[in-house]
Amino acid sequence: MSLPAAFHEIAKHVNNWGRWGQDDEIGTLNLISGEVVREAAATVRTGRRVPLAVDLRQDGVQTGMIPGRVNPLHVMVQVNQELFGPGTVATSDDAVTLGLQAGTHWDALTHASHSGRIYNGRPADTITPHGRAAFSGIHTARHVVSRGVLLDVAAAKGVDRLPGDHAVTPEDLDEAAEFGRVTVRAGDVVLVRTGQIQLYLAGDRHGYAFPSPGLSIRTPEWFHARDVAAVANDTLTFEIFPPEIEDLWLGVHALDLVEMGMLQGQNWNLEELSTACAQEERYAFLLSAMPEPFVGGTGTPVAPVAIF
């Protein structure tokens, strides 16, 4: 089944292939310049730190809806073992197996493909079982530190959580920016709060997963027009699920990752951040969200921190 004409029309408007050269592998992260980082650092006034990651745990976010995306399987491989003989210092070690997109994570640009292509027009078959992602693996995204901006869509609408059938539109993003008295600038990392993660935090993993509010197919043009460096939100699927256009599954993924070359993140806990922004009376902050550099990975866990 081919992608609809509406998708291809938006793709033409947001396509960044070749914008930073034919060899580019990091897409819109190129927009995080030294000047952007200096201005982001200047937002730090009090030193208040807000963690944005969910705990990595065996009964975590994943429900089995996405094949192979397993919650962490955490085992101890040493427990108080005196490696150098009796009476010496003892150590404990552990090991973990997990889906790289299991918890709070970034999707690499290689996480999605369409029409046989990934970002910058490279063939999708450059991703292989043993070689992993030959281009634009998550290890190439080495510096995700920038000004973070919270667009608190739920708070702007005066609700704790958006309904499961709500597609977040460009108009919603404008409303949230006005609510927070903030202007999204080139190189910003935008965090979009729907409140959906409240269901997971309350123990309803299945309700968290489906149905879910999320970004509309119209939002990539909004991010492209503002030269946003990356976007993350507080849902499992990032975009509205089920989709707003029948049979167009993961269309926002394809536009963001493939066409625009823009990192996107899911399962970010933005609840404490929402409270902090309201208390601090500002919705921009320094954001550190460095990916774990799994070579060839199509995603990675991240433990982001907002700093005021």
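Above: the structure in question.
The structure displayed is predicted, hence computed values, not measured ones. (Residues numbered from 1 in each chain as written. Predicted model: local features only at pLDDT ≥ 70, side-chain atom pairs only at ≥ 80, totals over all residues. Heavy atoms only, no water.)

Participant: Please explain empty space enclosed by the protein as it appears in this structure.
Facilitator: To find leftover empty space, one rolls a probe the size of a water molecule over the atoms. Within the structure shown, the criterion is met by two cavities of 30 Å³ or more. Within this model, the largest cavity holds a volume of roughly 60 Å³. Around the largest cavity sit L215, I217, E239, I240, P243, E244, I245, L248, G251 and V252, which together line it. Within the lining of the largest cavity, the residues separate by chemical class into seven nonpolar, one polar and two charged. Lining the second largest cavity we find E25, I26, L29, A108, L109, S136, G137, I138, T140, A141 and L263. (1 Å grid on protein atoms, 1.4 Å probe; cavity = no way out; pocket = protein on both sides within 12 Å on 5 of 7 lines; lining within 4 Å. Points joined across faces, edges and corners; volume = space filled by probe spheres on them. Nonpolar A, V, L, I, M, F, W, Y, C, P; charged D, E, K, R; others polar.)

Participant: Just to check I follow, could you spell out helix 9 (residues 271-280) for this structure?
Facilitator: Every α-helix carries 3.6 residues per turn, so stepping three or four residues along brings you back to the same face. Within the sequence span of helix 9, burial applies to E271, L273, S274, A276 and C277. Residues of helix 9 that are buried in the fold lie against strand 1 (49-51), strand 7 (145-152), strand 9 (189-193), helix 5 (197-201), strand 13 (284-288) and strand 15 (305-307). Backbone geometry just after helix 9 places E281 at a positive phi near 60 degrees. (Buried < 20%, exposed > 50% of the residue type's maximum accessible area, 1.4 Å probe, protein only. Helix = DSSP H or I, 4+ residues; strand = E, 2+ residues; numbered from the N terminus. Contact = heavy atoms within 4.5 Å.)

Participant: When you look at the pattern of salt bridges in this model, what are you seeing that I'm missing?
Facilitator: Pairs may arise between side chains of opposite charge once their charged atoms sit close together. Applying the stated rule across the entire model yields 13 salt bridges. One salt bridge in this structure joins E39 and R185, with 3.5 Å as the shortest N-O distance. Placement of the pair is E39 in helix 2 (residues 34-41) and R185 in the loop between helix 4 (170-179) and strand 9, with a sequence separation of 146 residues. In this structure, E175 engages K157 in a salt bridge whose closest nitrogen and oxygen atoms are separated by 2.9 Å. On the criterion of sequence distance, the pair formed by E175 in helix 4 and K157 in the loop between helix 3 (153-156) and strand 8 (167-168) is long-range, its members being 18 residues apart. Its relative accessible area of 32% is what places E175 among the partly exposed residues. One salt-bridge network, held together by shared partners, links D152, R193 and E271. (Salt bridge = Lys/Arg side-chain N within 4 Å of Asp/Glu carboxyl O.)

Participant: Mind showing me how you'd approach the nonpolar core here?
Facilitator: As a rule of thumb, nonpolar side chains are buried together in soluble globular proteins. Among the nonpolar cores identified, the biggest contains 67 residues, and W106, L151, L191, F223, W268 and L273 are the most heavily contacted of them. Excluding its chain neighbours within four sequence positions, the residues that come into contact with F223 are L173, V190, V192, L215, V228, V231 and M262. Core analysis: the next-biggest nonpolar cluster, separate from the first, contains eight residues, V61, L199, Y208 and A209 among them. (Core = buried A, V, L, I, M, F, W, Y, C linked by side-chain atoms within 4.5 Å.)

Participant: Hey, could you run me through the environment of L162 in this one?
Facilitator: Within the fold, L162 resides in the loop between helix 3 and strand 8. Expressed as a C-alpha distance, the spacing of L162 and L201, which sit 39 residues apart in the sequence, is 15 Å. Beyond its immediate sequence surroundings of up to four residues, L162 is in contact with V153, A154, K157, V168, T194, Q196 and P213.

Participant: Whenever I open this one, the packing of aromatic side chains confuses me. Can you help?
Facilitator: Between two aromatic rings, the relevant description is the distance of the centres plus the angle of the planes. Applying the stated rule across the entire model yields seven aromatic pairs. With a centroid separation of 5.0 Å and an interplanar angle of 65 degrees, the aromatic rings of W106 and W268 are classed as edge-to-face. Of this pair, W106 sits in strand 4 (residues 105-107) while W268 sits in the loop between strand 12 (263-266) and helix 9; the two residues are 162 residues apart in sequence, bridging distant segments of the chain. Summarising the burial analysis for this pair, W106 and W268 share the class buried. Ring pairs connect the aromatic residues F210, F241 and W249, which therefore count as one cluster. (Phe/Tyr/Trp six-rings, centres within 6.5 Å; stacked < 30°, edge-to-face > 60°.)

Participant: Is there a simple way to think about the side chain of Q101 in this case?
Facilitator: Note that Q101 resides in the loop between strand 3 (91-97) and strand 4. Overall, Q101 belongs to the buried group, its relative accessible area being 9%. Excluding residues within four positions of it along the chain, Q101 makes contact with Q62, R69, D107, H111, N267, T298 and G299.

Participant: Please explain the environment of I26 as it appears in this structure.
Facilitator: Considering the arrangement of structural elements, one finds I26 in the loop between helix 1 (5-14) and helix 2. For I26, a relative accessible area of 16% corresponds to the buried category. For the pair I26 and L109, spaced 83 residues apart in sequence, the C-alpha to C-alpha distance is 7.7 Å.

Participant: For this particular structure, what's the right way to read unusual backbone geometry?
Facilitator: Only a minority of non-glycine residues have a phi that is not negative, and only a minority of peptide bonds are not trans. A cis amide bond links F210 to the next residue, P211, at an omega of -10 degrees. With respect to the helices and strands, P211 occurs in the loop between helix 6 (205-209) and strand 10 (214-215). A positive phi angle, near 55 degrees, is found at S136, a position not held by glycine. Along the chain, S136 turns up in the loop between strand 6 (132-133) and strand 7.

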